[in-house]
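Topology and contacts: notes
Here is what each chain is made of, one letter per residue.
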Amino acid sequence: AFGYLRRHKEAFASFKKATQIKPDDAVAWFNRGLALQELERYEDAIVCFDKAIKLKPDSYKAWNNRGYALVRLGRDDEAIESFDKALGMKPDYASAYYNKAACYALQRQVDLALENLQRAVEINPNYKDEASTDIDFDEIASDKRFRQFVAGEKTKDSRNVRSIQQTSKIVSQG
């Protein structure tokens, strides 16, 4: 409840106490990690997500948030691995696709960013609007394909992201 009130320090203190009282509570470790993430203490958040994952290895939300914290630290390869772990457990997890798209956008990998963003939007259409204003997509915001995608335009130049996916797969297999 504290987290929703933007009282992250209080939330952290509560979850810290919870993990001290019950150190085998994966949910408490996860929530402690979320509070630390909101405080931009990403290294500490990762430690908490790792403890949550150790206690509950199938926690796709912990894997996704671990990935988010890794992106914030510039550890993109590890972040992608974490997002992939989350998606391996829950293939329709829009948040992991969105975060993976943002990670690729920060690396200026337009094709991979759009491929993952499209998957996120197919599951949760709200992510299209979110991406249009999310600063994590600033690195690719000037790309015509990205602008067309978030605007919902279909032109002969944009073809569609599925074509990009197929071409990327063919190139990587060839």
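Sequence order as written defines the numbering, with residues in each chain counted from 1. With pLDDT at 70 or above as the cut-off, local features in this predicted model cover only qualifying residues; side-chain atom pairs require 80 or more to be listed or tallied, and sums for whole chains, interfaces and linings still use all residues. Side-chain calculation: all heavy atoms of the structure are included, whereas hydrogens and water are not.

Looking at the packing of aromatic side chains
Ring pairs shown here join Phe, Tyr and Trp side chains whose ring centres sit within 6.5 Å, with only the six-membered ring taken for Trp; geometry is labelled stacked below 30 degrees between planes, edge-to-face above 60, and tilted in between. Overall, the coordinates contain five aromatic pairs when judged by the stated rule. Their ring planes at 80° and their centres at 4.8 Å tell us that Tyr60 and Tyr93 sit as a pair that is edge-to-face. Linking Tyr60 in helix H4 (residues 60–72) with Tyr93 in the loop between helix H5 (76–89) and helix H6 (94–106), this pair joins segments that are 33 residues apart in sequence. Only protein chains enter the accessibility calculation, which uses a 1.4 Å probe. A residue is then buried if its area is under 20% of the maximum for its type, exposed if over 50%, and partly exposed in between. According to the relative accessible area criterion, Tyr60 is partly exposed, its value standing at 24%. Under the DSSP-based scheme used, a helix requires at least four consecutive residues in state H or I and a strand at least two consecutive residues in state E, with every element numbered from the N terminus.

Some words on unusual backbone geometry
The residue Glu40 is not glycine, and still its phi comes out positive at about 60°. Along the chain, Glu40 falls in the loop between helix H2 (26–38) and helix H3 (42–55). The exposed category is assigned to Glu40, whose relative accessible area is 59%.

A closer look at the nonpolar core
If you look at the biggest cluster of nonpolar residues, it comprises 43 residues, and the most contacted ones within it are Tyr98, Leu117, Ala131, Phe137, Ile140 and Phe146. Elements with a contribution of two residues or more to this core: H2, H3, H4, H5, H6, helix H7 (110–123), helix H8 (126–133) and helix H9 (144–151). At nine residues, H6 tops the list of elements feeding residues into this core. Whether two residues touch is decided by their heavy atoms; if any such pair falls within 4.5 Å, the residues are in contact. Not counting chain neighbours up to four residues away, the residues in contact with Leu117 comprise Tyr98, Ala101, Tyr127, Ala131, Phe137, Phe146 and Phe149. As used in this record, nonpolar core signifies buried Ala, Val, Leu, Ile, Met, Phe, Trp, Tyr and Cys residues forming a set joined through side-chain atoms within 4.5 Å.

Concerning the pattern of salt bridges
Whenever a carboxyl oxygen of Asp or Glu lies within 4 Å of a side-chain nitrogen of Lys or Arg, that contact is scored as a salt bridge. Here the structure, examined in full by the defined rule, presents 12 salt bridges. Among the salt bridges present, the one from Glu43 reaches Arg75, with a minimum N-O distance of 3.4 Å. Within this pair, whereas Glu43 is found in helix H3, its partner Arg75 is found in the loop between H4 and H5, the two being separated by 32 residues in sequence. Accessibility expressed as a relative area gives 28% for Arg75, which makes it partly exposed. The salt bridge involving Glu139 is made with Arg108; its shortest N-O contact spans 2.6 Å. One end of the pair, Glu139, is in the loop between H8 and H9; the other, Arg108, is in the loop between H6 and H7, with 31 residues separating them in the sequence. On the accessibility criterion, Arg108 (57% relative accessible area) is exposed. Among the charged side chains, a network of salt bridges with common partners joins Glu43, Arg75 and Glu78.

Function-wise, these values are silent; they only describe arrangement.
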